[in-house]
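Residue strings, one per chain:
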Amino acid sequence: MDSAARTLVVFHAHPDDEALLTAGTMARAAAEGHRVVLVVATDGALGETDETAYGAKGDALASTRSRELAASARALGVARTVELGHADSGSGPEVWPDPPGGRRFVRVPIDDAASALADVLVEERADVLTTYDPHGGYGHRDHVRVHEVGARAAELARERGLDVRVLWATVPRDLICRAIDLVAKVYRFPPEFDRASFDRAFAAKAEITHRIPVRRFAAAKRASMRAHASQAAADGGGDRTLGMLVRIPRPLYDLVFGREWFVDPEAPGTAATDVFEGRA
């Protein structure tokens, strides 16, 4: 890496989250010579999937999703992937009991999980850490925990002398609602898809501080999505949201996913086009 190279650490809840929210930014940073480190909190063992093709929830699915994560990372040019290995907390009304020898991510003490992430930040001399907003984007309990753990990890890293910027990966809710309504004219969403939830999810347009052009890396983002094949279909073979997205025709796909968005909670009103903008 040259003297201007930086390090981006992206922190996500489950394998496949990186594909949806930050893949273009990751591919762009890697292509520009920066070091990209992907940290994933959970094993994704409770993800919805077509069990006839990928097996039941549990260790078998977790192993599949780990392999898919590695394939996604290769497509994006990621230099290092860290799987923290916490058990997926699931998205149902109740948190499942802890698996043998493990603990659901939401039950892991924040300082314990944050300490492991802070170690990565300090070891990598991270310039930027991406997490989620306080509501976890769309409210998944593991995404909320990523926000909490990421914020604490940044504090711990700063106590150890690291000047790391924290950005919240997001989507403008007005834009995503318009896109969903447009796609709905030609595609029937799966039954579990909750259109109304997007009216209160993610960030308002005025809150966004970083608008990252990534259209040149749409092919890499699409490859990242395709890598997570286990998350493309639900039981019985019907499309899930990820499966629907990778079926969008390429010109429309490039338009919809040609930009990614972040919020810098410490610099409201910023209008940046690079996650490293303003770093000394």
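For the structure itself, consult the block above.
Small disclaimer: the values here were computed from a predicted structure and weren't measured. (Residues numbered from 1 in each chain as written. Predicted model: local features only at pLDDT ≥ 70, side-chain atom pairs only at ≥ 80, totals over all residues. Heavy atoms only, no water.)

Let's talk about the packing of helix α4 (residues 59-76) against helix α9 (residues 218-227)
Step number 1: As a packed pair, α4 and α9 sit with axes 8 Å apart at the nearest point and diverge in direction by 170°. Compared by their axis directions, α4 and α9 come out roughly antiparallel. Where α4 abuts α9, its residues E68, A71, S72, A75 and L76 lie against A220, K221, A223, S224 and A227.
Step number 2: Taken together, the residues of the contact of α4 with α9 break down into 6 nonpolar, 2 polar and 2 charged. (Axes fitted to C-alpha atoms, helices over the stretch in contact; angles between N-to-C directions. Helix = DSSP H or I, 4+ residues; strand = E, 2+ residues; numbered from the N terminus. Parallel < 35°, antiparallel > 145°, perpendicular 65-115°, else oblique. Contact = heavy atoms within 4.5 Å. Nonpolar A, V, L, I, M, F, W, Y, C, P; charged D, E, K, R; others polar.)

Considering the sheet that holds strand β1 (residues 7-12)
Paired through their backbone hydrogen bonds, the strands of a sheet run either parallel or antiparallel.
Step number 1: The strand order β3-β2-β1-β4-β5-β7-β6 describes an open sheet built from 7 strands, whose pairing is mixed. Looking at the sheet topology across the chains shown, the edges are occupied by β3 (80-86) and β6 (210-213). Neighbour-to-neighbour, the strand axes of the sheet open up by a mean angle of 25°, direction not taken into account.
Step number 2: Relative to strand β4 (residues 128-131), β1 runs parallel, the two sharing 3 bridges. Note on β4: the bridge partner recorded for V9 is L129.
Step number 3: On top of the sheet, helix α5 (residues 110-124) reaches β1, β2 (35-42), β3 and β4; it is set at about 170° to β3, its chief contact. (Pairing = 2+ DSSP bridges.)

Quick notes on the pattern of salt bridges
For side chains of opposite charge, pairing can occur when their charged atoms come near one another.
Step number 1: Enumeration over the complete set of coordinates arrives at 18 salt bridges.
Step number 2: For R152, the salt bridge is made with E155, and the minimal N-O distance between the two is 2.9 Å. Pair noted here: R152 and E155 are both in helix α7 (residues 141-159), with a separation of 3 residues, about one helical turn.
Step number 3: Looking at E155, the relative accessible area reads 38%, which means it is partly exposed.
Step number 4: The partner of D174 in a salt bridge is R178, with the nearest N and O atoms 3.9 Å apart. (Salt bridge = Lys/Arg side-chain N within 4 Å of Asp/Glu carboxyl O. Buried < 20%, exposed > 50% of the residue type's maximum accessible area, 1.4 Å probe, protein only.)

Topic: the environment of C177
Step number 1: One can find C177 in helix α8 (residues 173-184).
Step number 2: When the C-alpha atoms of C177 and A201 are compared, they prove to be 9.8 Å apart, with 24 residues separating the residues in sequence.
Step number 3: Sequence-distant contacts of C177, defined by excluding residues within four places in its chain, comprise R195, F198 and D199.

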